[in-house]
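Inside the fold
The residues making up each chain are set out below.
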Amino acid sequence: IGFLYAAWAANFASWFILANARYQFPKLAWELSIGPLAIGLIIGFVGLAEFLTFFFLRMSGRWHFRKLPLFGAQLLGAMGMVVMVLGKSEIPFALAFLLIGICCGTTYYSSLYYTVLLQKKKGRGTGLHESIVGSGALLGPILGGVAAYFIGLRAPYALAFLVVVTAVG
């Protein structure tokens, strides 16, 4: 059951950083003179990475009940946030969104897998899983927007980094 709670915490943090990045990035990109086409493509890297992560995780059970895939994914998400804080052009941002997508794909898949496997009430468990996703997706952009307003356009990513590090802890 420890894996379930770890996956839930990781899933919250992942969706916090994902929603934060998706909604805060366009303003930062615009300030850096990155155009709308590039912004759309960069954000699209999240979906690509999630799709590929889901595709590969379903093909193997070697990641089940192993700490490295879950914590490694969060490390990738944290690295993505560092790149978001430091990045200045399209390529680093695309890399950051790829890392975020791998993180989110891994934690989402893990959270749902462990929920269905370990919870007796499957429907209730998956509802909790989805509410955790929703709470991260809700709080990420709200708190990121507050951080951007009061501190600066890169502050949301520093905040998201702290959320991921806290979830790992």
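Structure shown above.
These remarks concern the structure in this document. (Residues numbered from 1 in each chain as written. Predicted model: local features only at pLDDT ≥ 70, side-chain atom pairs only at ≥ 80, totals over all residues. Heavy atoms only, no water.)

Description of helix α3 (residues 67–86)
Compared with an ideal rise of 1.5 Å per residue, which puts 20 residues at 28 Å, α3 spans 29 Å between its outermost C-alpha atoms and is within 8% of the ideal. Considering only its buried residues, α3 is in contact with α1 (2–31), α4 (90–118) and α6 (155–168). (Helix = DSSP H or I, 4+ residues; strand = E, 2+ residues; numbered from the N terminus. Expected span 1.5 Å × (residues − 1). Contact = heavy atoms within 4.5 Å.)

Overview of the environment of Ala-6
Inspection of the secondary structure assignment puts Ala-6 in helix α1. Sequence-wise, Ala-6 and Ser-111 are 105 residues apart; in three dimensions their C-alpha atoms are separated by 8.4 Å.

Quick notes on the environment of Phe-16
Position of Phe-16 among the secondary structure elements: in helix α1. Each C-alpha atom of the pair Phe-16 and Val-163 lies 7.9 Å from the other, and the pair is 147 residues apart in sequence.

Here we look at the pattern of salt bridges
All chains considered together, the criterion is met by one salt bridge. A salt bridge links Glu-31 to Lys-27; its shortest N-O distance comes to 2.9 Å. Taken together, the residues span about one helical turn, with Glu-31 and Lys-27 both in helix α1 at a distance of four residues. On the accessibility criterion, Lys-27 (45% relative accessible area) is partly exposed. (Salt bridge = Lys/Arg side-chain N within 4 Å of Asp/Glu carboxyl O. Buried < 20%, exposed > 50% of the residue type's maximum accessible area, 1.4 Å probe, protein only.)

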